[in-house]
Amino acid sequence: MADISLTFPDGNKRAYGVGVTPADVAADISPSLAKKAISATVDGAHWDLQWPITSDAAIAIHTMQDDAQALELIRHDAAHIMARAVQEIWPDVKVTIGPVIENGWYYDFDREEPFTPEDLGAIEAKMKDIINRRDLVTTEVWERDRAIAYYEAQNEPYKVELIEAIPGSEPIRMYWHGHWQDLCRGPHFQHTGQVPADAFKLMKVAGAYWRGDSNRPQLQRIYGVAFKNRQALKDHLTFLEEAEKRDHRRLGREMSLFHFQEEAPGMVFWHPDGWTIYRALEDYMRRQLDRAGYREIKTPQVVDRKLWEASGHWDKYRENMFTTEIDEEHANEKRTNALKPMNCPCHVQVFNQGLKSYRDLPLRVAEFGSCHRYEPHGALHGLMRVRGFTQDDAHIFCTEDQIESECAKFIELLSGIYRDVGFTKFDIKFSTRPEQRVGSDEVWDKAETALERAILSVRNDFELDPGEGAFYGPKLDFKLTDAIGREWQCGTFQADFNLPERFDATYIGPDGEKHRPVMLHRAILGSFERFIGIMIENYAGKLPFWLAPRQVVVATIVSDADAYVQEAVAELRAAGLRAEADIRNEKINYKVRVHSVGKVPVILAVGAREVEDRTVTVRRLGEKQTAVRPLADVVAELQAEALPPDLVQTPSAA
Ligand SMILES: [Zn+2]
Ligand SMILES: [Zn+2]
């Protein structure tokens with residue numbers, strides 16, 4: 001009866017009868033595996049323990065130790081259990097679909113009345129009930145007509161529609177969680193008790209149209225999250241709370257850093273304090289670029305469509321470009337311009353001015369380039385996703401032989417900058433040649449080798465993403481990790497063999513002939529707007545002292561300290577600190593509270609005794625203790641503390 005051969009992950013093969021299930025296979029291996037098994041992977045497909053295997057295949061049996069499979073089943077079974085709970089409580093509710101999503105699942109229901117928070121509590125309780133009953137999960141493949149007739153009899157029109165959309169060649173698979181039935185591709189657990197009863201939570205209800213179509217019925221979508229154990233759920237909820245507290249849109253309001261309004265969606269109105277952060281970061285970046293041998297330029301924001309036609313953007317990217325029309329004086333035609341969505345084509349124009357020699361290379365041109373791109377309204381998200389932004393952009397024109405050293409220098413520069421602004425951990429993703437591409441294989445070989453060697457000269461790990469490079473060259477993406485473990489893709493480094501060709505950029509080589517330079521696109525922050533958003537969230541608004549928009553507030557405890565406060569503020573400002581007076585007739589505790597919400601790092605309180613002794617009471621943000629110190633000492637200390645990291649004098653080793 002040895003009809004098919006199954007190959008295990010260790011390379012061993014065993015023979016089984018046609019139609020053997022993973023449950024049979026697990027039992028054949030050991031009773032303990034039979035007990036622990038939850039599903040299998042069969043030739044790359046996630047496979048229910050009950051499904052038959054009908055041909056030779058590679059098989060791996062999964063247990064709860066396999067996170068990916070275990071979590072998929074937990075979340076998917078939880079979706080079914082939730083739908084069953086809803087129909088047990090409200091039998092008239094119609095069910096639709098319920099897929100697994102990141103951290104959990106959702107299920108869409110058709111019900112007149114909205115679900116309330118109390119309803120969610122009742123559904124959760126019912127779900128725990130169903131889990132504790134340990135009802136068997138069973139599955140069958142049905143004929144299409146039988147399934148349709150079944151759902152018509154059940155008065156579940158959405159399920160009928162779903163079956164009608166399944167291609168004729170595909171089986172109609174039915175699942176039962178106890179008595180409750182759903183149409184489903186599977187796989188699932190063996191019984192409802194395998195979903196941890198204390199590790200899931202229903203999060204919220206939102207409206208959703210059937211099939212995402214606003215002409216179809218509006219449904220109610222209930223979201224849930226589920227994990228392997230209670231601690232993991234707790235950690236997730238803590239993470240959400242932490243992320244919510246750090247939301248830069250909320251902190252931006254509380255600290256009065258910026259705002260948005262409908263007249264300019266996705267474009268930032270920077271307030272004085274927000275713009276102070278921006279300027280401090282820009283000054284810092286400018287010093288870094290100057291030191292690293294970049295030349296800063298500025299190119300126009302409004303550029304004739306002819307240039308975008310030449311660059312290819314007009315063809316491929318036009319829907320995302322803001323355009324303007326203007327009657328050109330003395331000309332009988334309207335002129336169409338576009339706001340630049342990127343700086344690259346303008347930078348080639350600068351390179352193309354005058355003859356370039358190989359001695360001019362590598363030529364590094366930088367621009368804090370103001371760009372505009374149309375994003376759908378719904379995609380906009382505070383500073384993180386905007387329509388108007390400023391890239392810390394630069395392009396390096398170089399020879400093929402210079403790619404490696406330029407890339408290594410870039411990674412070094414980027415590492416130092418990330419470290420200075422508080423991100424010590426970042427990952428590199430390396431994307432190589434896609435199928436559709438320009439440039440010869442020889443050039444691609446050279447560029448890919450150069451990028452890989454450059455990474456390896458700095459660190460020994462990177463993530464390879466084969467085939468995901470741009471059509472014009474290989475690229476690196478830099479993802480940094482913030483204080484609560486979220487990843488943000490910020491930096492990028494891309495080799496480009498295409499744009500220099502399109503704009504006929506050349507340099508004269510040592511042989512006296514014209515050669516084509518390679519163009520390297522690179523950015524470190526990505527955009528100032530988004531990076532400031534990331535920093536606000538990373539630091540929960542408590543920015544490092546050198547970036548804090550208001551560094552010191554000097555506050556009176558009693559009103560006759562006003563003159564001394566003004567004097568202290570003048571001294572702090574003379575030392576280059578961003579200092580303010582608070583001489584309002586309010587209690588000091590109130591002032592401390594207000595400036596804490598504004599995330600002011602240092603509050604200096606001044607009463608009668610301080611005036612007398614020329615001291616101040618120093619209170620640091622988030623600290624309970626205070627210290628009475630001579631004003632002159634405090635000014636000197638804060639002045640040193642306010643230095644940006646690149647300007648701090650480190651004792652030389654000489
Ligand atoms: Zn399912
Ligand atoms: Zn570029």
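Parameters at a glance
- Residues numbered from 1 in each chain as written.
- Chains lettered and ligands numbered in written order.
- Predicted model: local features only at pLDDT ≥ 70, side-chain atom pairs only at ≥ 80, totals over all residues.
- Heavy atoms only, no water.
- Helix = DSSP H or I, 4+ residues; strand = E, 2+ residues; numbered from the N terminus.
- Buried < 20%, exposed > 50% of the residue type's maximum accessible area, 1.4 Å probe, protein only.
- Contact = heavy atoms within 4.5 Å.
- Areas by Shrake-Rupley, 256 points an atom, 1.4 Å probe, with all protein chains shown as cover.
- Lys, Arg positive; Asp, Glu negative; His and termini not counted.
- Charge placed at Lys NZ, Arg CZ, Asp CG, Glu CD.
- Patch = residues over 30% accessible without salt bridge, like charges linked within 9 Å, V, L, I, M, F, W, Y side chains within 5 Å.
- Salt bridge = Lys/Arg side-chain N within 4 Å of Asp/Glu carboxyl O.
- Pairing = 2+ DSSP bridges.
- Axes fitted to C-alpha atoms, helices over the stretch in contact; angles between N-to-C directions.
- Donors = N, O, S within 2.8 Å, 3.2 Å for Na, K, Ca; no water.
- Tetrahedral: all angles 85-135°; square planar, octahedral: opposite > 155°, others 65-115°.
- Expected span 1.5 Å × (residues − 1).
- Left-handed = near helix turned anticlockwise from the far one by under 90°.
- Nonpolar A, V, L, I, M, F, W, Y, C, P; charged D, E, K, R; others polar.

### Re the overall build of the chain
Then step 1. Counting its secondary structure elements, the chain contains 20 helices and 33 strands.
Then step 2. When each of the 654 residues of the chain is scored for burial, the buried share is 51%.
Then step 3. Across the chain, every contact between residues at least 6 apart in sequence was considered, and the portion connecting residues at least 24 apart equals 68%.
Then step 4. Working note: accessible area of the chain is about 31800 Å², and carbon and sulfur atoms make up 48% of it.
Then step 5. Counting 81 positive and 103 negative side-chain charges, the chain places the averaged centre of each group 3 Å from the other.

### Points about unusual backbone geometry
Then step 1. In this structure, the amide linkage connecting G186 to the following residue, P187, adopts the cis form with an omega of -5 degrees.
Then step 2. Of note, the bond from L361 into P362 is cis; its omega dihedral lies within 30 degrees of zero at -5 degrees.
Then step 3. The residue P362 is located in the loop between helix 12 (344-351) and strand 20 (363-372) in this model.
Then step 4. The phi dihedral of N103 falls on the positive side, at around 70 degrees, and the residue is not glycine.

### As for a nonpolar patch on the surface
Then step 1. Residues L643, L647 and V648 make up a contiguous nonpolar surface patch of roughly 210 Å² in combined accessible area.
Then step 2. Following the sequence through the fold, V648 ends up in the segment after helix 20 (631-641).
Then step 3. Residue V648 is classed as partly exposed on the basis of its relative accessible area of 42%.

### As for the sheet that holds strand 30 (residues 579-582)
Sheets are built from strands paired through backbone hydrogen bonds, the pairs being either parallel or antiparallel.
Then step 1. Across the sheet, which stays open at both edges, the five strands sit in the order 30-29-31-32-33 with mixed pairing between neighbours. The strands lining the two open edges of the sheet, one partner per strand, are strand 30 and strand 33 (626-630). Strand-to-strand twist across the sheet, computed as the mean angle between neighbouring axes with direction ignored, equals 30 degrees.
Then step 2. Here strand 32 (residues 615-620) runs beside strand 33; their pairing, made up of five bridges, is antiparallel. Residue pairing across strands places V618 opposite A627, the latter belonging to strand 33.
Then step 3. Each of strand 29 (552-556), strand 30, strand 31 (602-606) and strand 32 touches helix 18 (residues 588-597); the most contacted strand, strand 29, lies at about 165 degrees to it.

### With respect to the coordination of the zinc ion (ligand 1)
Then step 1. Each protein donor to the zinc ion (ligand 1) is listed here as H76 (NE2), H80 (NE2), C184 (SG) and H188 (NE2); together their distances run 1.9 to 2.3 Å.
Then step 2. Considering all four donor atoms around the zinc ion (ligand 1), the spread of angles at the metal, 90 to 128 degrees, places the coordination shape in the tetrahedral class.
Then step 3. Spacing between the donor residues of the zinc ion (ligand 1) along their common chain follows H-x3-H-x103-C-x3-H. Placement of H80 in helix 3 (residues 67-89) and of C184 in the loop between strand 11 (180-183) and strand 12 (200-209) is noted, with a sequence separation of 104 residues between them.

### Quick notes on the pairing of strand 21 (residues 388-398)
Then step 1. Burial analysis of strand 21 places eleven of its eleven residues in the buried class, which makes it a mostly covered element.
Then step 2. Residues G388, T390, D392, A394, I396 and C398 line one face of strand 21 and the alternating positions F389, Q391, D393, H395 and F397 line the opposite face, and both faces are buried.
Then step 3. The pairing of strand 20 with strand 21 spans ten bridges and is classified as antiparallel. From the neighbouring strand, E367 faces strand 21, where its bridge partner is D393.
Then step 4. Pairing geometry for strand 21 and strand 28 (residues 518-527), over seven bridges, is antiparallel. The residue bridging A394 from the neighbouring strand is R522, located in strand 28.

### Structural notes on the coordination of the zinc ion (ligand 2)
Then step 1. Around the zinc ion (ligand 2), the protein supplies C344 (SG), H395 (NE2) and H521 (ND1) as donor atoms, at distances of 2.0 to 2.3 Å.
Then step 2. Between consecutive donor residues of the zinc ion (ligand 2), the sequence gaps follow C-x50-H-x125-H. Linking C344 in helix 12 with H521 in strand 28, this pair joins segments that are 177 residues apart in sequence.
Then step 3. Given the relative accessible area of 9%, C344 is considered buried.
Then step 4. Note on H521: relative accessible area 10%, which makes it buried.

### Details of helix 3
Think of an α-helix as turning once every 3.6 residues; residues three or four places apart then point the same way.
Then step 1. The terminal C-alpha atoms of helix 3 lie 32 Å apart, and with 23 residues this matches the ideal 33 Å at 1.5 Å per residue to within 8%.
Then step 2. Across the 23 residues of helix 3, 18 count as buried, placing the element largely inside the fold.

### Let's talk about the packing of helix 13 (residues 403-420) against helix 14 (residues 441-456)
Then step 1. At their nearest, the axes of helix 13 and helix 14 sit 8 Å apart, and the two run at 35 degrees to each other. Two packed elements cross with a definite hand, and for helix 13 against helix 14 that hand is right-handed. Across the interface between the two elements, I403, E404, C407, A408 and I411 from helix 13 touch A447, A450, L451, R453, A454 and I455 from helix 14.
Then step 2. Across the contact of helix 13 with helix 14, the residue classes tally to nine nonpolar, no polar and two charged.

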